[in-house]
Amino acid sequence: MSDTTSGPAGSPGAAPLSDRTFGAARRLWGLVYLRALMYLAAGIVLFANPDRGLVWVRWLVGLVIVVQGVLLTLEGAPTRRSGRPQGTGDEISWRLIAGVVSLVAGVLIIVWPSMTGPVMYLVVAVWACAAGVVGVIGALRGRALRTTSWDWQLVNAVLWIVLGLVMLLRPSSDVATGAQLLALYLVLAGAVLVVGAFATGTRDRDARKARDGAAAG
């Protein structure tokens, strides 16, 4: 999602939602929906097949994290040229940072052939905590800047942190148990992304209509 600002015209800290910003946001909604569908599909597959073995789970989880990293990087990069006012301190998007963290964790899981179950879940837990902290910081910054998507971004980031803490505090060598926990997270996160992307898209469209109506009047 794009960090677009769409507060009412004339409100403190608000900037008008330009056509350029709206176009960037609309393209990013597609990436967020794609990420949500990936989460939901992988979560359902893990729920249906939690005991197919460590290698299968490792590849599926690693690929999901890598793809998420790619999508987050694509989501984050356009915010540099989305028309934000200068001096907001968002030259580097939190999505870009979370994307790099995800890529590193996913590649590590995939290319480490002798990785055991506990080590894999430790890597996933550290990834989830790190990405979650970055996401919380980004969401709170978005709240201060009156962005339209900070609320669901915060919920998604908190889900990351909860997943990481649960896996750190309750480590398990049972592959099936870990797979079910990851499946639950993926389904919940996918649902949050779908609802959040839809709500943010609606808000931005309403803001654009209000701006166009004010300009016409």
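Preceding this paragraph is the structure being described.
Residues numbered from 1 in each chain as written. Predicted model: local features only at pLDDT ≥ 70, side-chain atom pairs only at ≥ 80, totals over all residues. Heavy atoms only, no water.

A. Focus on the overall build of the chain. If you tally the helices and strands in the chain, you get six helices and zero strands. Overall, the chain shows an N-to-C arrangement of helices and strands of α-α-α-α-α-α. The burial tally for the chain puts 48% of its 217 residues in the buried class. Look at the contacts in the chain between residues 6 or more apart in sequence, and 79% of them connect residues 24 or more apart. Element-wise, carbon and sulfur atoms account for 70% of the exposed surface of the chain, whose accessible area totals about 10200 Å². (Helix = DSSP H or I, 4+ residues; strand = E, 2+ residues; numbered from the N terminus. Buried < 20%, exposed > 50% of the residue type's maximum accessible area, 1.4 Å probe, protein only. Contact = heavy atoms within 4.5 Å. Areas by Shrake-Rupley, 256 points an atom, 1.4 Å probe, with all protein chains shown as cover.)

B. Summary view of a nonpolar patch on the surface. Taken together, the side chains of Leu122, Val126, Leu165, Leu168 and Leu169 present a nonpolar region at the surface, about 470 Å² in accessible area. Going through the elements one at a time, α4 (117-144) and α5 (150-169) are the ones with two or more residues in the nonpolar patch. Broken down by element, the nonpolar patch gets its largest block of residues, three residues, from α5. Checked against the element boundaries, leucine 169 lands in helix α5. (Patch = residues over 30% accessible without salt bridge, like charges linked within 9 Å, V, L, I, M, F, W, Y side chains within 5 Å. Salt bridge = Lys/Arg side-chain N within 4 Å of Asp/Glu carboxyl O.)

C. Region of the structure containing the nonpolar core. The biggest cluster of nonpolar side chains holds 41 residues, and the ones touching the most others in it are Tyr39, Leu46, Trp127, Trp160 and Tyr185. If one sorts the elements of this core by residue count, helix α6 (residues 175-216) sits on top with ten residues. (Core = buried A, V, L, I, M, F, W, Y, C linked by side-chain atoms within 4.5 Å.)

D. Quick peek at the packing of helix α2 (residues 54-76) against α4. It is the contact of α2 with α4, at a shortest axis distance of 11 Å, that shows an interaxial angle of 20°. With respect to their mutual orientation, α2 and α4 come out roughly parallel. The crossing of α2 and α4 is left-handed. The residues of α4 that touch α2, namely those facing Leu54, Val57, Arg58, Val61, Ile65 and Gln68, are Gly117, Met120, Tyr121, Val124 and Trp127. Among the residues forming the contact of α2 with α4, the class breakdown is eight nonpolar, two polar and one charged. (Axes fitted to C-alpha atoms, helices over the stretch in contact; angles between N-to-C directions. Parallel < 35°, antiparallel > 145°, perpendicular 65-115°, else oblique. Left-handed = near helix turned anticlockwise from the far one by under 90°. Nonpolar A, V, L, I, M, F, W, Y, C, P; charged D, E, K, R; others polar.)

E. Just α4, in detail. Taking 1.5 Å per residue, 28 residues should reach 40 Å; α4 reaches 40 Å between its end C-alpha atoms and fits that length. One or two steps after α4, the chain reaches arginine 146, where phi turns positive at roughly 65°. (Expected span 1.5 Å × (residues − 1).)

F. Just the packing of α4 against α5, in detail. As a packed pair, α4 and α5 sit with axes 7 Å apart at the nearest point and diverge in direction by 155°. Relative to α5, the element α4 lies roughly antiparallel. Crossing handedness for the pair α4 and α5: left-handed. Considering only residue class, the contact of α4 with α5 consists of 21 nonpolar, five polar and one charged.

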